[in-house]
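Here's the letter readout for the chains.
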Amino acid sequence: MTDPTAFARRSNAIASRVTARAACPRVARLAAARRLFVGALVALTLLCGAVLAQAAQPADALALDTAKCTARPNGDTGSEVYGATETRVTWEGQAAPGESLTALELTMPEGTTFGLDDARVMLLSGDNLMTRDIPDVEFSADGNTLRAVFAEPTAPGSYVRVEVYEVFFPAEGGEMGLAGSYTTAEGDTLPIDDIAPIQVTGKSAFDQLVSSLEQQDWVKQWNSNKFLRLFFNPPLIVSSIPVVFNGFLMAIGIVAVAFPVAIPIGLVLALMRMSKWRVLRGIATTYVNVVRGTPLFLQIYIAFFGLPLAGVQIPSFPLGVIVLSMNSAAYLCEIFRAGIQSIPKGQFEASRSLGMNGAQTMVFVIIPQTVRRVIPTMTSEFILLYKDTSMLAAVGVMEVVMYAKTIVASTGSITPYIVAACFYLIITLPLAKVVGKLESRLAGTAAPKKRRKKGAPAAAGAEGAGAAGAAVTGTDSAGVTGFATDVLTAQPLLKNEPGDGLGGAGDHGFGMKNTK
C-alpha cells in the first residue's frame, strides 16, 4: 500500500521537471535575442564613433584660405583707415597641401584706385612665418582687379602674402569688401573665400581738399621751407578751418548773450553812480573800480576754480557768459555815465518846463540821445569783449583758441593759431570800420551828402523841420539863410559863414543863434 504523502511529493517533483523542460526553450530564445540586441547596439555605437572620428579629421583644403586682409592706418592718430587717402592693403592666404598657384587675382571695391609700381608678393615659411621668399611675379590691372601671374608655380601648400600700395578707397567710406580668385598648377580657377571687409572712415569735402593739396608739387615745395611750414601750411590751414569754426560759433554765442546782458547792468550802474544817495553811489563806484582794476584773466580763474571749491557748480558756457557780462558792465557803466553827462543841461531844463518829471526826462529825452552818442564806444567795447573770449581757453572752454590749441598739440605747427586769428579779424575789422564811420558822423567830418539845388525856397526847409532828420533853416545876422541837421542827435545845427556857426558862446543849445 502506497503512502499518500510520498506519492504527492513524487508527483510535484515530476510536474516541476516537466514545467522546467517546457520553459527552457523560451529562456534560451530570450537570452539569444538579448545577446543579438546588445551586439547590434555595440556595432551601431562603433559605427557612429568611426563616423565622428572621420568627421573630426582635418580635411584637405579645396580652396586658398584667407588668413587676414587689412589696410594700413592713414590718419594723423589712431588706427582708422580713411577714404580718399593713400593706404596699403595686405592680404595673406594659406594654400592647401599639394596645391600650387600659378596666378592670383584681388578685386578692390568699386571706386578704389591702386598702383602697381610697388606691389609685391611674398611666400612666407619657417617658424612664425619669418622666412620670406619673393618670387618672380608679373602684375597687371583690369579695372578694379589686380592680377599677379607667377613665373613658376609656387611650392605646394605655400603661405602667400600680397601687398598693394597707393590704394585710395572711396571718400564716403564704409565696409570695403574685397573678392579674389586663384589659378592652380592644374589650370583650375577657384574663388578665394572668407575675405573680411575693411572698415573705412569717410572724409568730408575739407578732408578731401587737404588730401589733394598734400599731393600737389607746389605744396611740397612750399612746405620745404621751415618757416612757411610752421606758420602757413596750406593743407593744415584747410583742415583747421572746420575745426576752429566750431570754436568761432562758441565765441559768437558767448558774446551774443554776454553783451546784451551787460548793457542794462551797465546802464543801471551808471545811474547809481550819478544818484543822490551815497549808498548807491558807493556800491556802484566800488564795483566799477574793483572790476576795472583787476585783470579779466584773474576774474575768470576765481569764477571757474573758486566757485566749485565753494560747492557752486555752473556749466562752462553760462559761467563764461556771467564773468564776461559782469566785466563788460563795469566798462559800459563809465561809457553810459560819460554819455549822459555830455547832454547839455538845457535838455533837462526844457523837459522839466514841458512838465516831465526826472524819470520821464531820463527815459524819453536823455537816454535816447545818450545811446546815439555812445554807439561808437559801445561797438569798441563789443570788439574787446569778443577778443576777451580767448581767455576762456585757459579754463577749458572750447572756443576759438582752445580748438586751435588742440590742433597745434597734435601737429606741432603754429598754423592753427593763424587760422584762429583770421576768425577774430572777420569780426573785428568790419566793426572797426563801422566805429570809424560813426565817430566821423558824430564829429561832423563825414562826407557830405548831395547838396540841395541852389535857389530852393526857404519855406521847403521850414516845412520839413518837424520831420525826423529834415533840414532846419534859419537866418543869421547878415541875412544869409543856411540849413543843417545832426541826424544822430536829432538836434539842428545851423552852419553859415565862419565865425557865425552855432554852438558858440551865443548858442542857446537848440541850434538857434542869438542875433541881437
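Numbers given to residues run from 1 along each chain, matching the order in which its sequence is written. Selection of residues for local features in this predicted model requires a pLDDT of at least 70, selection of side-chain atom pairs for listing and counting requires 80 or more, and totals for whole chains, interfaces and linings are taken over all residues. Excluded from the side-chain calculation are hydrogens and water; included are all heavy atoms of the structure.

(A) Local environment of the pattern of salt bridges. Criterion for a salt bridge: a side-chain nitrogen of Lys or Arg within 4 Å of a carboxyl oxygen of Asp or Glu. Within the structure shown, the criterion is met by 8 salt bridges. Salt-bridge contacts for Glu92 lead to Arg161; the nearest nitrogen and oxygen are separated by 3.5 Å. With a gap of 69 residues between them, Glu92 in strand 2 (residues 86-94) and Arg161 in strand 8 (residues 159-168) connect regions that are remote in the sequence. Salt bridges sharing partners connect three or more residues here, namely Lys68, Glu92, Arg120, Arg161 and Glu163. For the purposes of this entry, the term helix denotes a DSSP run of H or I that reaches at least four residues, the term strand denotes a run of E that reaches at least two, and both are numbered from the N terminus.

(B) Quick peek at the sheet that holds strand 5 (residues 131-133). Think of it this way: DSSP has to see at least two bridges between two strands before they count as a pair. The 5 strands are arranged 1-2-8-4-5 in an open sheet whose pairing can be described as antiparallel. At either end of the open sheet lies a strand with only one pairing partner, and these are strand 1 (65-71) and strand 5. Across the sheet, the axes of successive neighbouring strands diverge by a mean angle of 25°, strand direction being ignored. In terms of strand pairing, strand 4 (residues 120-125) meets strand 8 through 5 bridges, oriented antiparallel. Helix axes use the C-alpha atoms of the stretch in contact, all axes being lines fitted to C-alpha atoms, and the angles between their N-to-C directions lie in the range 0 to 180 degrees.

(C) Spatial organisation of the nonpolar core. Remark: nonpolar core denotes a set of buried residues (Ala, Val, Leu, Ile, Met, Phe, Trp, Tyr, Cys) joined through side-chain atoms within 4.5 Å. Whether a residue is buried, partly exposed or exposed follows from its accessible area with a 1.4 Å probe, protein chains only, as a fraction of its type maximum: under 20%, in between, or over 50%, in that order. Ranked by size, the top nonpolar core spans 42 residues in total, and within it Val244 and Phe304 carry the most contacts. When contributions to this core are tallied by element, the ones reaching two or more residues are helix 5 (234-273), helix 6 (278-293), helix 7 (296-309), helix 8 (316-341), helix 10 (358-388), helix 11 (400-411) and helix 12 (415-443). In terms of residue count, helix 5 provides more of this core than any other element does, 12 residues in total. In what follows, residue pairs with any heavy atoms lying within 4.5 Å of each other are defined as contacts. Look past the residues within four positions of Val244 in its chain and what remains in contact with it is Val400, Tyr403, Ala404, Ile407, Val419, Ala420 and Phe423. Membership of the second largest hydrophobic core comes to 30 residues, among which are Ala71, Val160, Val164 and Leu178.

(D) Up close: the packing of aromatic side chains. Geometry of aromatic contacts follows a simple scheme: Phe, Tyr and Trp rings, the Trp one being its six-membered ring, pair when their centres are within 6.5 Å, and the pair is stacked under 30 degrees between planes, edge-to-face over 60, tilted otherwise. Applying the stated criterion across every chain, the model contains 9 aromatic pairs. Chaining the aromatic ring pairs together yields one cluster made of Phe227, Phe231 and Phe232.

(E) Geometry of a negative patch on the surface. Patches were defined on residues exceeding 30% relative accessible area and lacking a salt bridge, with like-charge contacts within 9 Å and nonpolar side-chain contacts (Val, Leu, Ile, Met, Phe, Trp, Tyr) within 5 Å. Residue-level accessible areas treat just the shown protein chains as cover; the underlying method is Shrake-Rupley with a 1.4 Å probe. His is not counted here, nor are the chain ends, while Lys and Arg score as positive and Asp and Glu score as negative. By convention, the point assigned to a charge is CZ for Arg, NZ for Lys, CD for Glu and CG for Asp. A contiguous patch of negative charge on the surface is contributed by Glu86, Asp117, Asp118 and Glu166. On the secondary structure map, Asp117 appears in the loop between strand 3 (101-107) and strand 4. Residue class for Asp117 comes out exposed when judged on its relative accessible area of 68%.

(F) Highlighting the sheet that holds strand 7 (residues 145-150). Overall, antiparallel pairing links the 5 strands, which are arranged 6-7-3-10-11 in an open sheet. Of all the strands in the sheet, the pair left with one neighbour each is strand 6 (137-142) and strand 11 (189-192). This sheet shows a mean twist of 20° between the axes of neighbouring strands, independent of strand direction. In terms of strand pairing, strand 6 meets strand 7 through 6 bridges, oriented antiparallel.

(G) Spatial organisation of the side chain of Thr361. Within the secondary structure layout, Thr361 lies in helix 10. Among the polar contacts listed, one links the side chain of Thr361 to the backbone oxygen of Asn357, at a separation of 2.8 Å. Ignoring anything within four residues of it in the chain, the contact list for Thr361 reads Phe348, Ser351, Arg352, Met356 and Ile366. As used in this structure description, the phrase polar contact means that two N or O atoms lie within 3.5 Å; if the pair is within protein, one of them must be able to donate a hydrogen and the other to accept it, and residues adjacent in sequence are counted only when both atoms belong to side chains.

(H) Molecular detail of helix 2 (residues 205-214). Val210, Ser211 and Leu213 are the residues of helix 2 that are buried. Along the axis of helix 2, the buried positions cluster into a sector of 160°, meaning they face one direction only. In this fold, the buried residues of helix 2 make contact with helix 3 (217-223) and helix 5. It is the directions from the helix axis to the C-beta atoms whose arc is reported.

(I) Examining the pairing of strand 4 more closely. Here strand 4 runs beside strand 5; their pairing, made up of 3 bridges, is antiparallel. In the sheet register, Leu123 faces strand 5, and the bridge partner there is Asp133. The hairpin formed by strand 4 and strand 5 contains 5 residues between the paired strands, and Gly126 there has a positive phi angle of roughly 80°.

(J) Region of interest: the environment of Met108. Position of Met108 among the secondary structure elements: in the loop between strand 3 and strand 4. A sequence separation of 19 residues divides Met108 from Val89, and the C-alpha atoms of the two residues are 9.7 Å apart. Setting aside residues no more than four positions away along its own chain, Met108 makes contact with Val89, Phe114, Asn144, Val164 and Leu178.

Purely spatial values, then, with no claim about function.
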